Structures are given as structure tokens and as C-alpha cells.
Amino acid sequence: MSAAQPLSQTAGPRHNPKVVTALRRFAISISALNIVGYTVLGFEQPWVWPFIALATAYAVELTLEAIGARAEKRVPRFRGGGFRGLMEFLYPAHITALAVNMLTYVNDQVWVMVFGVVVAVGAKWVLRAPVRGRMRHFMNPSNLGIAVILLLFPWASIAPPYHFTEYVDGGIDWLVPAVILTLGTMLNAKLTERMWLIVAWVGGFAVQAVVRGLLFGTSIPAALAMMTGVAFVLFTNYMITDPGTSPSSKWGQIAFGGGVAAAYGLLTALSVAYGIFFATALVCGIRGGFLWVSDIVSRRRAEEALAVAAVGLTPEKPPVERTPIENSEALPCVNGCAEGSCSCSGNPKDSEADDRRIVVSA
């Protein structure tokens, strides 16, 4: 991009190619799962609801992007790339819409599902933090939408455990999570690079199950059995590993995954239902606060470094030229004056020269 190019003509890349590929495969996977779910597995939401969710997410995403581009005086990111560019821009909204609809059960109140989708997509423009010099959303969109629905509407729930395998048996009910696990693991290993996060989350989940069993008498086998469900496999491979709202460094991933597991164990011990979604929202919020604090500290340190550098580059004051009397050393006074008690030139040679000038002039 040329330096002379006006700001209003630049949009900047939305994602790097690797993330775009991951988002495309996420979108294809969740679309295929919905198709199979409504035709074979037994999804219980009305078949038209996924289309309502998609239309809502697309409309909110495009509208907010247009408003944001106008406010920031740039070209909207869905323009300039043709139909392919538009599709790539809508991948996150597509995934969010299908996930919110697929993982929640709100009876026949479609407006509650629509509300969750609006919250999930819209929050990306509100809950932001500086990451590597750019403002990025830090709350997992689909998880936030689901958590808000569960918090504001106590009668709502997540999809029941049999949601994904209601109409299959004879070993196929085990094949479904196995396929999801295999495809999700390959996706996260090659593209999102979030395997450390998955290891920390799964390991932490197992640890909290054992700890709850030892401290609170929870059935350890029952707590561990949750890890074999389709919902847990989906959450592990397609939600908590969201590359836009999770750390990319090794230790950051370990802290994030382990933190979600610890928060889930604590919430479950406190008898909080659906703790897996609230735990993720809580850890995402903590990470957002950490990003803001880190940015403020970095800015202050940079300002202090600039101030120190500015002081070091200040030119030294030139030496002040002094009169002969000021330059003279403390010499004894002449003409009979006591030293320090009379006004004299301070240099005997200067006094003798003055006497000679007086004689000549006479």
C-alpha cells in the first residue's frame, strides 16, 4: 500500500490467510452438521430457525461494519473482494448464528434466539481491547450469546444431551462424536494452532472432576462421563478454540484453557447450572481486562522511555565567558589592601601595567 494512499481508501485485511482457511472450514463443518442434524440426527428446533439466525447475523454484521467504516473513514471490509470477499467477511457471523441456534433450546420463542444472535454479533463492536496495536473483540461471540440467553431467560436451556444422537443407534451414536473429534482436532492442529489450549482445557476438566469428587462427594465417573458427549466435543473443538478470542502463545493458551476448566469446576461446585458457558465468558472477560491493563502499562513505559531519551538528547549549555577578573585566581591584593577587604584587580601584573600607563601619560 502506498504511503500516499488516503485513509478512506484503505480497509486493511480482516484476517490472515491461515485464519481465513480455518474460518471457512469451521463454517463448512457447522453447516454440514446442521444439515445432517435436521435430516438424520434429530435436531429439535424448527428447520426454518437456522435461516432466521443466519439472516439476523448477516444483517447485524453488515450494518455495524458499514457504520464502523463510516465512523473510521475507511472502506467497509466486505467491499473490494467481490462475492468471495463478502463470503470471507461473513464467515464469523455464519458460524456464530448456527452455533447459537444449534446449542440453545428456547421452546417456540424464536425472538429469544434472535436476541442471542444479535448480542453475539453486536458485542464484537462493543467489547474490545487492544491487541498488537489493533482493537479486537475479546468475548467469544457464540458463547456470549448463549450465556446471555441463559442468564436473562431462566426458562431457556441448552440443547439436551440426546440432541445430536436422538435418532441413531447401533454404534452410530459413538461415530458422531468420533468424527467431530477427528475433524476438529485436525483443524485445530493445522490451522488454529490451539492444541495447547485443548490439552489444558481437557486436562483441567479431568482434574476439576476428580477434585470435586474428593472435596464435595460428586460422582467422579459421572463428572468425567460428560467428556464423552457430543456437546463437550463440539465445545472443545469449535468454541473454546476460537482463534479471534483466545491467546496464541503456548503459555497463554495453557492459562486460558486451564482457567476455563477451573472456573467451570468452581461454578459447578456452587451449583451454577450451565457453568461451561459462564466459565468461558468469565475467563474471556478477565483476558479482556488483562489486555487493557497491559496496553496501559506499555503506553506509560513507552512515554517514560521517550521522556528519558528527550532529556538525554538535550544540548549542553555553552560555557559562559567571564571577565579577566572573574577568570583570575584568588591572588593577593596589592596597594596595601588586606586580602578580601578591598577592591583590586586581583593580579599584581595588571596593577604594574596600569602604573606604567599612568607614568607615560603624565
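Let us look at the structure shown here.

What counts as what
- Residues numbered from 1 in each chain as written.
- Predicted model: local features only at pLDDT ≥ 70, side-chain atom pairs only at ≥ 80, totals over all residues.
- Heavy atoms only, no water.
- Helix = DSSP H or I, 4+ residues; strand = E, 2+ residues; numbered from the N terminus.
- Expected span 1.5 Å × (residues − 1).
- Buried < 20%, exposed > 50% of the residue type's maximum accessible area, 1.4 Å probe, protein only.
- Polar contact = N/O pair within 3.5 Å; in protein donor to acceptor, adjacent residues only side chain to side chain.
- Contact = heavy atoms within 4.5 Å.
- Core = buried A, V, L, I, M, F, W, Y, C linked by side-chain atoms within 4.5 Å.
- Salt bridge = Lys/Arg side-chain N within 4 Å of Asp/Glu carboxyl O.
- Phe/Tyr/Trp six-rings, centres within 6.5 Å; stacked < 30°, edge-to-face > 60°.
- Lys NZ or Arg CZ within 6 Å of the ring centre and 35° of its normal.

**Brief notes about helix H5 (residues 141-152)**
Residues separated by three or four positions in an α-helix point in the same direction, a consequence of the helix having 3.6 residues per turn.
Reasoning step 1: If you check H5, its first and last C-alpha atoms are 17 Å apart, about what 12 residues at 1.5 Å a residue would give, namely 16 Å.
Reasoning step 2: Here H5 lies mainly inside the structure; 10 of its 12 residues are buried.
Reasoning step 3: By the burial criterion, the buried members of H5 are Pro141, Ser142, Asn143, Leu144, Gly145, Ile146, Ala147, Val148, Ile149 and Leu150.

**So, the side chain of Thr192**
Reasoning step 1: Structurally, Thr192 can be placed in helix H6 (residues 172-192).
Reasoning step 2: Within the local environment of Thr192, its side chain forms a polar contact with the side chain of Asn188, the two groups lying 2.8 Å apart.

**As for helix H4 (residues 110-122)**
Reasoning step 1: Relative to the 18 Å expected for 13 residues at 1.5 Å per residue, H4 spans 18 Å between its end C-alpha atoms, a close match to the ideal helical length.
Reasoning step 2: Of the residues making up H4, those classed as buried are Val112, Met113, Gly116, Val117, Val119, Ala120, Val121 and Gly122.
Reasoning step 3: Residues of H4 that are buried sit in contact with helix H2 (49-72), helix H3 (82-103) and H5.

**A word on the nonpolar core**
Reasoning step 1: Among the nonpolar cores identified, the biggest contains 74 residues, and Met102, Val117, Ile180, Trp201 and Leu234 are the most heavily contacted of them.
Reasoning step 2: Looking at which element gives the most residues to this core, the answer is H3, with nine residues.
Reasoning step 3: Setting aside chain neighbours within four positions, we find Met102 in contact with Ile30, Leu33, Asn34, Phe43, Gln45, Ala159, His163, Phe164 and Leu234.

**Brief notes about the pattern of salt bridges**
Reasoning step 1: In the structure shown here, the tally under the stated rule is six salt bridges.
Reasoning step 2: For Arg77, the salt bridge identified is with Glu65, shortest N-O distance 3.2 Å. Of this pair, Arg77 sits in the loop between H2 and H3 while Glu65 sits in helix H2; the two residues are 12 residues apart in sequence, bridging distant segments of the chain.
Reasoning step 3: What makes Glu65 buried here is its relative accessible area of 0%.
Reasoning step 4: Put simply, Arg84 and Glu88 hold a salt bridge, and the shortest N to O gap is 3.2 Å. With Arg84 and Glu88 both in helix H3, this residue pair falls four residues apart, about one helical turn.

**Let's talk about the packing of aromatic side chains**
Reasoning step 1: Per the stated rule, a full pass over the model turns up 13 aromatic pairs.
Reasoning step 2: Centroid distance Phe26 to Tyr238: 5.3 Å. Interplanar angle 75°. Geometry classified as edge-to-face. Placement of the pair is Phe26 in helix H1 (residues 17-41) and Tyr238 in helix H9 (residues 230-238), with a sequence separation of 212 residues. Per residue, the accessibility class of Phe26 equals that of Tyr238, and both read buried.
Reasoning step 3: In textbook terms, an aromatic cluster arises when at least three aromatic residues are bridged by ring pairs, as seen for Trp201, Phe205, Phe232, Phe235, Tyr264 and Phe277.
Reasoning step 4: The side chain of Lys250 reaches across the aromatic face of Trp196, ending 4.5 Å from its centre.

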